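# Working through the structure, step by step
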Amino acid sequence: MPRSIHGGRHELGQNFLTHRPTLARITVLVARTSGRILELGCGDGVLTRELGALGRPLTAIDLDEHRVGRLRRALPDVRVEVADATRHPLDAEVVVGNIPFHVTTPILRRLLSHGRWNEAVLLTQWEVARKRAGVGGGTLMTAQSAPWFEFSLEGRVPAWGFSPRPSVDGGLLAITRRGSPLVPVSDRKRYDAFVRAMFTGRGGSLAAVVAAAARIPMGGARRAVAAAGAGEQRLPRDLRPEQWAALWHQVSRG
Ligand SMILES: C[S@@+](CC[C@H](N)C(=O)[O-])C[C@H]1O[C@@H](n2cnc3c(N)ncnc32)[C@H](O)[C@@H]1O
């Protein structure tokens, strides 16, 4: 296979999936969804073939023009295009991909702020999948997207399940857009700023962090924390999505 004008295997994060159980798991997760499918980074099409067999409209994209040409010839019923996953419109109901590790963060950020997709099934580095799913505590990005999206960790993929073998394991992350957001979409910018201030702020207690982030008196912050059912929590990373939403509701009202 000639080298793509966009780079070689390493630069393009071409670690192809060979782990059959993961392939089967991704297919089952996607089969539970409905609507058009967009696959990011289709490579040689190991996943594209399974997704194509679901019989739904499918677009598969990759930056590697040689692999795209070959896959297009092999799968004439699938729309296979040379495109950049960090820019391509996220215009299908379902987004799927064994994501190239070096662009995981821009792709995730974009997914969580663009498009009208409903479900995403992504294979990422294990640590990214684990953190996004909030296992062991939430992160800034997870808390900021929690009112609009639900994250679930769907499995760990051993490094030997890719070829060539990467230095770390992979993790399967499913993201579902909530039918009813926990915070009004019109509040998103202000909510994002509040969450950022919570994660970067200091204070001896959760109420103190809330008081500083929302610029409200300590008494009001204590009442907001209690009303949000977050009295037991010590740190912003410990808050669950419903508690973030309730806290925002409390501090943004007054
Ligand atoms: C981890 S491989 C996955 C390939 C295949 N889906 C599989 O599971 O074996 C990632 C793929 O994304 C492609 N890629 C890298 N950067 C990309 C980008 N910015 N936009 C689209 N595809 C990209 C690579 O060429 C590679 O084929």
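Throughout, residues of each chain are indexed from 1 in the direction in which the sequence is written. A pLDDT threshold of at least 70 governs which residues receive local features in this predicted model, and a stricter bar of 80 or more applies before side-chain atom pairs are shown or counted, although totals over entire chains, interfaces and linings include all residues. In computing side-chain values, all of the structure's heavy atoms are included and hydrogens and water are not.

### Digging into the environment of His-6
The residue His-6 is located in the segment before strand 1 (16–17) in this model. Residues His-6 and Asp-64, 58 residues apart in the sequence, show an inter-C-alpha distance of 6.8 Å. Contacts between residues were defined by any pair of non-hydrogen atoms, one from each residue, lying within 4.5 Å. Those residues in contact with His-6 that lie beyond four places of it in its chain are Leu-12, Leu-63 and Glu-65. Here a strand is any run of E in DSSP of at least two residues, a helix any run of H or I of at least four, and the numbering for each starts at the N terminus.

### Side note on the site of the ligand
The full set close to the ligand counts 19 residues, and Gln-14, Gly-41, Asp-62, Ala-85 and Asn-98 are the nearest of them. Under this definition, polar contacts are N or O atom pairs within 3.5 Å; protein pairs additionally need one hydrogen-donor-capable and one acceptor-capable atom, and for neighbouring residues in sequence, both atoms have to be side-chain atoms. Within the backbone of Leu-17, an N or O atom sits 2.9 Å from an oxygen atom of the ligand. Only the protein chains shown count as cover for residues, and the accessible areas themselves come from Shrake-Rupley with a 1.4 Å probe. For the ligand, whose unbound accessible area comes to 590 Å², protein coverage reaches 98%. Cavities and pockets were defined on a 1 Å grid built over protein atoms only: a cavity is a set of grid points that admits a 1.4 Å probe from which the probe cannot escape, a pocket is an open set flanked by protein on both sides within 12 Å along at least five of seven lines, and lining residues are those with an atom within 4 Å of any such point. Being in a pocket or cavity means that more than half of the molecule's atoms lie within 2 Å of its grid points. More than half of the atoms belonging to the ligand lie within 2 Å of the grid points that define the largest pocket. Gly is placed with the polar residues, together with every amino acid not listed as nonpolar (Ala, Val, Leu, Ile, Met, Phe, Trp, Tyr, Cys and Pro) or charged (Asp, Glu, Lys and Arg). For the shell around the ligand, a count of residues per class yields nine nonpolar, six polar and four charged. One heavy atom within 4 Å of a molecule or strand is enough for the residue carrying it to be called near that molecule or strand.

### Examining the pattern of salt bridges
Should a side-chain nitrogen of Lys or Arg be within 4 Å of a carboxyl oxygen of Asp or Glu, the pair is scored as a salt bridge. Tallied over the full model, the rule gives 13 salt bridges. Residue Asp-44 is joined to Arg-67 by a salt bridge in which the shortest nitrogen-to-oxygen separation is 2.9 Å. Separated by 23 residues along the polypeptide, Asp-44 in the loop between strand 2 (37–40) and helix 2 (46–52) and Arg-67 in helix 3 (residues 65–74) bring together distant segments of the chain. Using a relative accessible area of 28% as the deciding quantity, one classes Asp-44 as partly exposed. For Arg-190, the salt bridge is made with Asp-187, and the minimal N-O distance between the two is 3.5 Å. Only protein chains enter the accessibility calculation, which uses a 1.4 Å probe; a residue whose area is less than 20% of its type maximum is buried, one above 50% is exposed, and one in between is partly exposed.

### Points about the layout of surface pockets
Grid points are joined across faces, edges and corners, and a volume is the space filled by probe spheres set on the points. Roughly 430 Å³ of volume is contained in the largest pocket. Forming the boundary of the largest pocket are 29 residues, of which Leu-12, Gly-41, Asp-62, Asn-98 and Pro-100 lie nearest the centre. Within the residue set of the lining of the largest pocket, elements represented by two or more residues are strand 1, strand 2, helix 2 and strand 3 (58–62). Among the residues making up the lining of the largest pocket, the classes are represented as 16 nonpolar, nine polar and four charged.

### Some details on the UniProt feature "binding site: S-adenosyl-L-methionine" (unreviewed entry) in the protein
UniProt positions are given in the numbering used here, feature names are shortened, and annotations may be inferred rather than shown by experiment. Those places that UniProt annotates as "binding site: S-adenosyl-L-methionine" (unreviewed entry) correspond, in this numbering, to Asn-15, Leu-17, Gly-41, Asp-62, Asp-84 and Asn-98. Looking only at the residues we just named, the largest pocket is lined by Asn-15, Leu-17, Gly-41, Asp-62, Asp-84 and Asn-98. Mapped onto the fold, Leu-17 is located in strand 1. Dropping the residues within four chain positions of it, Leu-17 is found in contact with Thr-22, Leu-23, Ile-26, Val-46, Asn-98, Leu-123, Val-157, Gly-161 and Phe-162. Structurally, Gly-41 is set in the loop between strand 2 and helix 2. With near-sequence residues (within four places) excluded, Gly-41 lies in contact with Ile-61, Asp-62 and Asn-98.

### Overview of the environment of Leu-182
For Leu-182, the position within the fold is in the loop between strand 9 (170–177) and helix 7 (188–200). Exposure remark for Leu-182: the relative accessible area of 32% places this residue in the partly exposed category. Once the C-alpha coordinates of Leu-182 and Val-135 are considered, the two residues, 47 residues apart in sequence, prove to be 20 Å apart.

### What about the UniProt feature "domain: Ribosomal RNA adenine methylase transferase N-terminal" (unreviewed entry) in the protein?
Sequence positions flagged by UniProt for "domain: Ribosomal RNA adenine methylase transferase N-terminal" (unreviewed entry) are, in local numbering, residues 22–179. Taken end to end, residues 22–179 is 30% helix and 28% strand, and its two terminal C-alpha atoms sit 27 Å from one another.

### Describing the packing of aromatic side chains
Here a Phe, Tyr or Trp ring, Trp counted by its six-membered ring, pairs with any other such ring whose centre lies within 6.5 Å, and the pair is stacked when the planes are under 30 degrees apart, edge-to-face when over 60, and tilted otherwise. Counted by the stated rule, this structure contains seven aromatic pairs. Where Phe-101 meets Phe-162, the ring centres are 6.3 Å apart and the plane angle is 70°; that geometry is what we call edge-to-face. Note that Phe-101 is positioned in the loop between strand 5 (94–98) and helix 4 (104–111) and Phe-162 in strand 8 (residues 162–163), a separation of 61 residues in sequence. On the basis of an interplanar angle of 85° and a centroid distance of 6.0 Å, the ring pair of Tyr-191 and Trp-248 is categorised as edge-to-face. Highlighted residues: Tyr-191 in helix 7 and Trp-248 in helix 10 (residues 241–253), separated in sequence by 57 residues. Three or more aromatic residues link up through ring pairs in this structure, and these residues are Trp-148, Tyr-191, Phe-194, Phe-199, Trp-244 and Trp-248. Any Lys NZ or Arg CZ found within 6 Å of a ring centre and within 35 degrees of that ring's normal is scored as a charge over the ring. Above the ring of Trp-117, the side-chain terminus of Arg-177 is found at 5.0 Å from the ring centroid. Sitting over the ring of Trp-148, Arg-188 keeps its end group 4.5 Å from the ring centre.

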